[in-house]
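Each chain is listed here by its residues.
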Amino acid sequence: MKTIEALAPDQASLSAASKLTKQSNWPRLEKNEQLALIWGECQGSGSNPYRVVVDTGDHGYKCTCPSRKFPCKHTLALMWIAATAPASFVAAGSTPEWVNDWLGRRRKPASQPVAPAPGAGGKSIVEASRDESAVVEDAAAAERREAAQRKRAEDTRSSVSAGLDELDQWIADQLRLGLAGFVDNSSDRCRRIAARLVDMKATALASRIDEIPSRLMALRGEERPDAAIRELGKLVLLAKAWRSAPDDPELRRLVSTSESREQVLANPDATQVESVWEVLGEKIEPRRDGLVSHSTWLLDLNGATSQFALLLDYFPASAGRRSNAFTPGDRFDARLVFYPARQPLRALVADRKGDVSSGPWPDFSFGASDPLAAHVARQDAAPWVTDCPVMLPPGAILLDDRGAAWWQAAGDPHGIALPIADTVNPTLLGLDLKATAALWNGSRLELLAAQSGFGRLDLS
């Protein structure tokens, strides 16, 4: 799946591909394992299906559709089916002519080796001339590829910049029309500007805006206008930051496209941390673009202070729930590589060395500091951040007069109290919690895990 995400030209293509993974869309799915080929026919809007072929060895591909995106959604969907449902492909008795034609043009037959003349230890003049010509052609081809890449990058920056100009105008229109109207009609209004941003290649930002209505609807009615102001303000700050540094990897990831796994692992400037990690919990959310976001939160057990890591994955909703690589409470020794950011959080597991036995969390020194100090520091560095992991000091979960759950700091009945987003198991009410890991989005806590006198509590 990581390879497919890396090959996709944008998030919109991934979303479109996810809708084509049903086998009913593919009257023909075949493979030739010897040639490392898969191919199929995808029924489109026309009378003739689109023909798609993929080389599973080097990820070469060909599709007969007229899309200007490479690879197109049909190619991505074929790869997706191969990754998630390989049994869908039947072994072909013979390779179709159209596949052979593509294969013949793509892979030139190797020339037979020519024996050197007797006594000649090197290549003939003709062979040397051919080799020199091939080197010149390769250098020219590489230069053309680099020029094309630079041109695509410039076109993308120009398109995204124009999209952000439209976003600024859209935000000004929402403020002019009034926040009450925005909250009531946020679904339609956000959908329209999100679709426009997809056209302008700001796909990551479009996905974020698409999720604003669900974030607002999760709050009480009286809280929604303030939350809308925060959400729109974060968008303004993110757009302003991107304009000042469009090549910044963190900003590019949040606005347009993300790096591939291979690019992150190969980045010499990426932060690497080798430690013992505990799986705090996971957060699985369906998105409006047809994908499902799967977040896994980790805690560094060797750090002097609470340090977190986020493993983030996406998969099509049509594929159903996938088996989890991690289970809350698991502990393992691993080297994590973090995506470049002002305060690195999202990471990849580069090397998992083995599981570690369970036990209590480290004795984090909370002192008298604000339990949301980590959130404030992250907001200062990157004010467009939404969910922020925090480690809360000793406290308890209580209910207010309306039956809503709150986390209350221990020792002071009038001290800090934070509202909790979801319903809480009644057995947790009033329980002394030594430390609690949670996500804070500026208005609500989402509990992940806690330590109590009874040991670890899974709250996610």
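Residues numbered from 1 in each chain as written. Predicted model: local features only at pLDDT ≥ 70, side-chain atom pairs only at ≥ 80, totals over all residues. Heavy atoms only, no water.

1. Side note on the pattern of salt bridges
Part 1 of the argument: All told, the structure shown has 26 salt bridges when counted by the stated rule.
Part 2 of the argument: D168 is paired through a salt bridge with R243; the nearest N and O atoms lie 2.7 Å apart. Here D168 is found in helix α5 (residues 125-177), whereas its partner R243 is found in helix α10 (residues 224-244), with 75 residues between them in sequence.
Part 3 of the argument: By relative accessible area, R243 is classed as partly exposed at 32%.
Part 4 of the argument: Across the pair R331 and E278 runs a salt bridge, and its minimum N-O distance is 2.8 Å. In this pair, R331 sits in strand β9 (residues 331-338) while E278 sits in strand β6 (residues 272-286), placing the two residues 53 residues apart along the sequence.
Part 5 of the argument: The class for E278 is buried, based on a relative accessible area of 1%.
Part 6 of the argument: Because the salt bridges share partners, they merge into one network encompassing R215, E231, K283, E285, D387 and E446. (Salt bridge = Lys/Arg side-chain N within 4 Å of Asp/Glu carboxyl O. Helix = DSSP H or I, 4+ residues; strand = E, 2+ residues; numbered from the N terminus. Buried < 20%, exposed > 50% of the residue type's maximum accessible area, 1.4 Å probe, protein only.)

2. So, the environment of D458
Part 1 of the argument: On the secondary structure map, D458 appears in strand β17 (residues 455-458).
Part 2 of the argument: Placed 82 residues apart in sequence, D458 and V376 show a C-alpha to C-alpha distance of 26 Å.
Part 3 of the argument: D458 has contacts with L280, P328 and L448, leaving out every residue within four places of it along the chain. (Contact = heavy atoms within 4.5 Å.)

3. Section: the packing of aromatic side chains
Part 1 of the argument: Per the stated rule, a full pass over the model turns up three aromatic pairs.
Part 2 of the argument: Where W170 meets F182, the ring centres are 5.9 Å apart and the plane angle is 75°; that geometry is what we call edge-to-face. Taken together, the positions of W170 in helix α5 and F182 in helix α6 (residues 179-184) put the pair twelve residues apart, joining distant regions of the chain. Taken as a pair, W170 and F182 share a single burial class, namely buried.
Part 3 of the argument: Looking at R346, its charged tip hangs above the ring of Y339, at a distance of 4.3 Å from the centre.
Part 4 of the argument: Positioned over the ring face of F332 is R352, at 4.3 Å from the centre of the ring. (Phe/Tyr/Trp six-rings, centres within 6.5 Å; stacked < 30°, edge-to-face > 60°. Lys NZ or Arg CZ within 6 Å of the ring centre and 35° of its normal.)

4. Quick word on the sheet that holds strand β4 (residues 61-63)
Part 1 of the argument: Reading across from one edge, β4-β3-β2-β1-β5 is the order of the five strands in this open sheet, with mixed pairing throughout. Looking at the sheet topology across the chains shown, the edges are occupied by β4 and β5 (90-91).
Part 2 of the argument: Pairing of strand β1 (residues 28-32) with strand β2 (residues 37-42) involves five bridges; the strand directions are antiparallel. Note on β2: the bridge partner recorded for E30 is W39.
Part 3 of the argument: Contacts from helix α3 (residues 73-84) reach β1, β2, β3 (50-55) and β4 within the one sheet, and its direction differs from that of β3 by about 55°.
Part 4 of the argument: This element, helix α4 (residues 97-106), spans β1, β2, β3 and β4 of the sheet and lies at about 45° to β3. (Pairing = 2+ DSSP bridges. Axes fitted to C-alpha atoms, helices over the stretch in contact; angles between N-to-C directions.)

5. Considering the UniProt feature "domain: SWIM-type" (unreviewed entry) in the protein
Part 1 of the argument: On the UniProt side, "domain: SWIM-type" (unreviewed entry) is annotated at positions that read residues 50-83 here.
Part 2 of the argument: In this annotation, residues 50-83 is assigned 32% helix and 26% strand; the end-to-end C-alpha distance for the span is 20 Å. (UniProt positions renumbered as here; feature names shortened; annotations may be inferred.)

6. Here's the deal with the packing of helix α8 (residues 203-210) against α10
Part 1 of the argument: Close contact between α8 and α10 brings their axes to 12 Å; oriented N to C, the two are set at 175°. By the angle between their directions, the pair α8 and α10 is classed as roughly antiparallel. Listed contacts from α10 to L205, R208 and I209 of α8 are K234, L235 and L238.
Part 2 of the argument: The residue makeup of the contact of α8 with α10, split by class, is four nonpolar, no polar and two charged. (Parallel < 35°, antiparallel > 145°, perpendicular 65-115°, else oblique. Nonpolar A, V, L, I, M, F, W, Y, C, P; charged D, E, K, R; others polar.)

7. Concerning α8
An α-helical segment advances 3.6 residues per turn. Residues three or four places apart therefore align on the same side.
Part 1 of the argument: Summarising burial for α8: eight of the eight residues are buried, a large majority.
Part 2 of the argument: Considered for burial, the residues of α8 that qualify are T203, A204, L205, A206, S207, R208, I209 and D210.

8. Quick look at the sheet that holds β9
Part 1 of the argument: Spatial ordering of the open sheet is given by β8-β7-β6-β9-β10, a layout of five strands whose pairing is antiparallel. With one partner strand each, in any of the chains shown, β8 (307-316) and β10 (347-355) form the two edges of the open sheet. This sheet shows a mean twist of 40° between the axes of neighbouring strands, independent of strand direction.
Part 2 of the argument: By the bridge criterion, seven bridges tie β6 to β9 in an arrangement that is antiparallel. Residue pairing in the sheet places V273 in a bridge with L336 of β9.

9. A look at the nonpolar core
As a rule of thumb, soluble globular proteins bury nonpolar side chains together.
Part 1 of the argument: Membership of the largest hydrophobic core comes to 40 residues, with the highest contact counts inside it found for W26, L78, L280, L299, W361 and M391.
Part 2 of the argument: Per-element accounting of this core gives the leading share, six residues, to α3.
Part 3 of the argument: Ranked by size, the runner-up nonpolar core spans 31 residues in total, among them I171, A228, L232 and A239. (Core = buried A, V, L, I, M, F, W, Y, C linked by side-chain atoms within 4.5 Å.)

10. Examining α4
Part 1 of the argument: When we look at burial in α4, the residues that qualify are W98, V99, W102 and L103. The buried residues of α4 occupy an angular sector of 135° when projected down its axis, which confines them to one face.
Part 2 of the argument: Looking at the packing, one finds that the buried side of α4 touches β1, β2, β3 and β4. (Arc of directions from axis to C-beta.)

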